[in-house]
Amino acid sequence: MTKATSAEALFVSNLQPSDHPSAEQVITAIRGSLADNGGESGCVVAFVSEYGEHPDEAADRMRWALSVVAATDQTGTVALTSAVAA
């Protein structure tokens, strides 16, 4: 799974920037989002729908999701792609 795909899954999750999530919370949110939306393709559909309805807010949320995924991947706590695939 790419970082962009992980960010899309995080984008459509219930996790909020104000939660200041840990790496574990990010991974849990991504896993939950994938499960709730029927996998990667379902997350993409939900992402595109939300982006179309609220483009200004969506751009900010996607920037947040991308930065969180990148930071989570660099923590060394858990490899994001292997943890999501598990």
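Please refer to the structure placed before this passage.
Here's a quick rundown of the structure.

Definitions and cut-offs
- Residues numbered from 1 in each chain as written.
- Predicted model: local features only at pLDDT ≥ 70, side-chain atom pairs only at ≥ 80, totals over all residues.
- Heavy atoms only, no water.
- Helix = DSSP H or I, 4+ residues; strand = E, 2+ residues; numbered from the N terminus.
- Polar contact = N/O pair within 3.5 Å; in protein donor to acceptor, adjacent residues only side chain to side chain.
- Axes fitted to C-alpha atoms, helices over the stretch in contact; angles between N-to-C directions.
- Left-handed = near helix turned anticlockwise from the far one by under 90°.
- Contact = heavy atoms within 4.5 Å.
- Nonpolar A, V, L, I, M, F, W, Y, C, P; charged D, E, K, R; others polar.

Regarding the side chain of Ser13
Consideration 1: In this structure, Ser13 sits in the loop between α1 (3–11) and α2 (23–37).
Consideration 2: Here the side chain of Ser13 touches Leu15 through a polar contact of 3.2 Å, landing on its backbone nitrogen.

As for the packing of α1 against helix α3 (residues 40–53)
Consideration 1: Put simply, α1 and α3 touch, their axes get as near as 9 Å, and they point 65° apart. Crossing of α1 against α3: the hand is left-handed. Listed contacts from α3 to Thr5, Glu8, Ala9 and Phe11 of α1 are Glu40, Cys43, Val44, Phe47 and Glu50.
Consideration 2: When the residues that make up the contact of α1 with α3 are grouped by side-chain class, the tally is five nonpolar, one polar and three charged.

Topic: unusual backbone geometry
Consideration 1: Unlike most non-glycine residues, His20 shows phi in positive territory, near 45°.
Consideration 2: Inspection of the secondary structure puts His20 in the loop between α1 and α2.

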